[in-house]
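Now for the letters of each chain:
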Amino acid sequence: MTDQKTNKGLNIGLWVAQAFVALMLLWGGYAKLGTPLEELSQMMPWAAENPSLLTFTGILDLLGGLGLLLPAILRIKPQLTVYAAYGTAALMVAAAIFHISRGEYESVGMNVVILLIALFIAWGRSKKAPILPKS
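Residues numbered from 1 in each chain as written. Predicted model: local features only at pLDDT ≥ 70, side-chain atom pairs only at ≥ 80, totals over all residues. Heavy atoms only, no water.

Undergrad: When you look at the pattern of salt bridges in this model, what are you seeing that I'm missing?
TA: Pairing is possible between side chains that carry opposite charge, provided their charged atoms lie close to one another. By the definition in use, this model includes three salt bridges. The salt bridge partner of Glu 49 is Arg 102, with a shortest N-O separation of 3.4 Å. Placement of the pair is Glu 49 in helix α3 (residues 45-49) and Arg 102 in the loop between α5 (79-101) and α6 (108-128), with a sequence separation of 53 residues. Glu 49 gets classed as exposed once you look at its relative accessible area, which sits at 56%. A salt bridge links Glu 104 to Arg 102; its shortest N-O distance comes to 3.2 Å. Judged by its relative accessible area of 14%, Glu 104 is buried. (Salt bridge = Lys/Arg side-chain N within 4 Å of Asp/Glu carboxyl O. Helix = DSSP H or I, 4+ residues; strand = E, 2+ residues; numbered from the N terminus. Buried < 20%, exposed > 50% of the residue type's maximum accessible area, 1.4 Å probe, protein only.)

Laid out in C-alpha cells, this is it:
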C-alpha cells in the first residue's frame, strides 16, 4: 500500500513539474515569437543582435513545452515526454552558458532550476512513474 501511495504522490509531483516547466517554456516561446523585436530588444539586448537566435530559441521553447505535455496527456508515444525533458535540460545548459558568456549571471539561476526539474521529469517518467501508451 505504501508503494502505491508513493507512486501516486510521485506521479502527481511529476505532473506538476511537467506543467510548470511546460508553461515556462510555452510562455517564453510565445514571448520570443509574439513580441515585436523592438520591445524584446529593450529587455534582451542580444535579440536585436541576432534575431535568428531569438526565433530559433522561441521555436525550441514551444516544442519543448508541447513535448513535455502532449505525448503524456494523449498517451501517444509518451516516451517522447522523456526525450522532451532531456532536450529541455540541454536547452537550459546552453542558455546558462550563453548568459554566463554575456555576464548575465542573474539569469542563470532560473536556468539551473528548470534544468533540475527537467532532469527530475526525465528520471521519473523513465524509471519510477512512466506513462503507458494507449493500448
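Undergrad: How should I be thinking about the packing of aromatic side chains in this particular structure?
TA: Each aromatic ring pair is summarised here by two numbers: the centre-to-centre distance and the angle between the ring planes. Under the counting rule described, the total for this entry stands at two aromatic pairs. Where Trp 46 meets Phe 98, the ring centres are 5.2 Å apart and the plane angle is 75°; that geometry is what we call edge-to-face. In this pair, Trp 46 is assigned in helix α3 and Phe 98 in helix α5, connecting sequence segments 52 residues apart. According to the relative accessible area criterion, Trp 46 is buried, its value standing at 7%. The ring of Trp 15 has Arg 125 sitting right over it, with the charged end atom 5.1 Å from the ring centre. (Phe/Tyr/Trp six-rings, centres within 6.5 Å; stacked < 30°, edge-to-face > 60°. Lys NZ or Arg CZ within 6 Å of the ring centre and 35° of its normal.)

Undergrad: I'm lost on α6 in this one. Help?
TA: Each α-helix winds once per 3.6 residues, and so residues spaced three or four apart point in a common direction. A rise of 1.5 Å per residue sets the reference length of α6, with its 21 residues, at 30 Å; its end C-alpha atoms lie 29 Å apart and thus fit the reference within 8%. Among all positions in α6, only Val 108, Asn 111, Ile 114, Leu 115, Ala 118, Ile 121, Ala 122, Gly 124 and Arg 125 are buried. (Expected span 1.5 Å × (residues − 1).)

Undergrad: Help me out: how do you make sense of a nonpolar patch on the surface in this one?
TA: The grouping of Leu 80, Tyr 83, Tyr 86, Val 112, Leu 116 and Leu 119 at the surface amounts to a nonpolar patch, some 580 Å² of accessible area in total. Those elements giving two or more residues to the nonpolar patch turn out to be α5 and α6. Along the polypeptide, Leu 119 turns up in helix α6. On the basis of relative accessible area, Leu 119 is assigned to the partly exposed category, the value being 37%. (Patch = residues over 30% accessible without salt bridge, like charges linked within 9 Å, V, L, I, M, F, W, Y side chains within 5 Å. Areas by Shrake-Rupley, 256 points an atom, 1.4 Å probe, with all protein chains shown as cover.)

Note that all results are geometric; they support no functional claim without further evidence.
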